[in-house]
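Descriptive structure summary
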Amino acid sequence: MNSRVKIIGFSLIFVILSASPMLVSFLHADLAVSSAEKRRLAKMPNLHQSGSLAEYFAGVSAYVDDHFGFRELMISAHNRLMITIGEASTDRVIIGTANWNFYKTTDPLTLAGIDRGELRTNLERRANYFAERTRRMNEHGIPYLFTIIPNKMMVYPEFLPAKYRWAEFDTSLRYFENRLTPLAKSAYFDMTSFLATAKANQSTPIYYRNDTHWNSLGAYLASSAILEEINIRNNLTVLASPHSFTSKQKVGGDVANYLGLNDTLKSTEPATNVPDCVKRKNVKELRRGLSKVYCGKGTHTLLYLGDSFTANLYPFLGENVDTLYMAYEGLPHEELEQLIKETKPTIIIEGMVQRNIPKTLLSRDR
């Protein structure tokens with residue numbers, strides 16, 4: 001009798017476990033996008049809209065494959081397991097050492113089978129673009145500074161796997177810098193060299209472990225250096241406010257998101273308090289691509305042109321000026337001219353991320 005009860009019990013457990021994925025799939029609403037795979041999932045096909053029965057059943061099969069119970073959980077577990085053995089679930093990411101993960105960025109001038117002539121032309125045009133930008137700002141009498149923000153792989157190569165230790169990450173950047181005219185160099189700030197020094201003087205990392213961007217400490221150090229350079233070169237006195245930093249746990253990041261582990265990967269990162277005037281709730285979007293914060297400190301209006309690195313940088317700039325406007329880096333010259341008329345800046349700073357400098361310019365800005 002006991003043996004028979006055991007057999008029945010194990011059979012019931014087997015049936016429940018086997019049926020549970022199907023039951024879960026029926027009980028939960030279908031996901032439109034897989035957070036673990038970063039793609040849209042198949043929808044249940046409509047029989048009347050299918051071209052044939054074969055097409056319909058192929059669609060049903062794809063739908064079942066994408067929506068069976070516990071699918072997301074199992075894929076997430078797989079992605080996590082891959083990290084533990086030093087492998088990424090996507091070719092966009094490099095799993096580093098000491099819990100560092102990197103968005104994979106390769107210097108295009110070092111790749112085989114690439115038209116290096118075209119790339120060098122793009123870099124030369126980019127250098128000319130900044131020369132023209134500097135000339136125009138000088139005509140306006142507006143203090144102007146531009147910088148190239150280095151990729152994380154260049155700042156923390158020591159945490160890359162051994163096979164990347166001898167890779168060249170700065171070939172395009174150095175080619176670009178060597179093509180800058182004396183006029184453009186007068187407005188250029190070498191952020192790569194500055195961050196190398198800042199990193200050596202800090203026991204705390206200045207870039208996120210699971211994200212491509214600098215953290216709040218890195219942004220603060222960069223903003224302080226930028227303001228100091230603007231002051232020195234233009235005889236200004238826009239002083240950076242002092243900050244002390246504590247540690248805070250951060251969940252996720254854009255690299256974690258690429259791995260499908262945005263809710264799982266955690267790291268301890270520096271954090272600081274900023275004035276209420278620069279908190280995100282007080283960022284006013286004037287239109288797409290243009291926003292501002294107002295702190296009313298001093299007399300300067302600063303226009304910052306940047307990309308996603310602006311998110312951590314802007315509080316440390318905005319807190320030290322009257323008004324901070326933010327727009328996209330790389331604006332065509334004529335669009336910037338219109339923006340100057342609208343915002344009336346007394347200082348303009350432009351920060352372009354390293355991976356963007358080899359990109360093709362619009363013909364009007366070459």
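First, a word on what this report is: a plain description of the structure on this page.

Some words on the state of the cysteines
- Inspection of every chain in the model, using the stated rule, returns one disulfide.
- Note on cysteine connectivity: C277 is disulfide-linked to C295, with sulfurs 2.0 Å apart. Across the S-S bond of C277 and C295 the torsion is about 90 degrees, and the bridge reads as right-handed. Of this pair, C277 sits in the loop between β8 (266–271) and β9 (284–287) while C295 sits in the loop between β10 (290–294) and β11 (301–306), placing them 18 residues apart in sequence.
- Given the relative accessible area of 22%, C295 is considered partly exposed.

Let's talk about the nonpolar core
- Ranked by internal contacts, the top residues of the largest apolar core, which has 76 residues, are F146, F176, Y207, W214 and L324.
- If near-sequence neighbours (up to four positions away) are discounted, W214 is found in contact with I149, M191, L195, I206, Y207, Y208, A219, A222, F309, N312 and L313.
- Ranked by size, the runner-up nonpolar core spans seven residues in total, among them V93, I95, V255 and L259.

What about helix α12 (residues 333–343)?
- Every buried residue of α12 is listed here: H333, L336, E337, L339, I340 and T343. One side of α12 holds all its buried residues, which, seen down the axis, span an arc of 165 degrees.
- The inward-facing, buried residues of α12 abut α4 (116–140), β9, β10, β11, β12 (323–328) and β13 (347–353).
- Remark: K344 follows α12 within two positions and exhibits a positive phi of approximately 50 degrees.

Quick notes on the environment of A196
- Positionally, A196 belongs in helix α8 (residues 191–200).
- The class for A196 is partly exposed, based on a relative accessible area of 46%.
- Along the chain, A196 and V155 lie 41 residues apart, while their C-alpha atoms are 6.6 Å from each other.

Definitions and cut-offs
- Residues numbered from 1 in each chain as written.
- Predicted model: local features only at pLDDT ≥ 70, side-chain atom pairs only at ≥ 80, totals over all residues.
- Heavy atoms only, no water.
- Disulfide = S-S within 2.5 Å.
- Helix = DSSP H or I, 4+ residues; strand = E, 2+ residues; numbered from the N terminus.
- Buried < 20%, exposed > 50% of the residue type's maximum accessible area, 1.4 Å probe, protein only.
- Core = buried A, V, L, I, M, F, W, Y, C linked by side-chain atoms within 4.5 Å.
- Contact = heavy atoms within 4.5 Å.
- Arc of directions from axis to C-beta.

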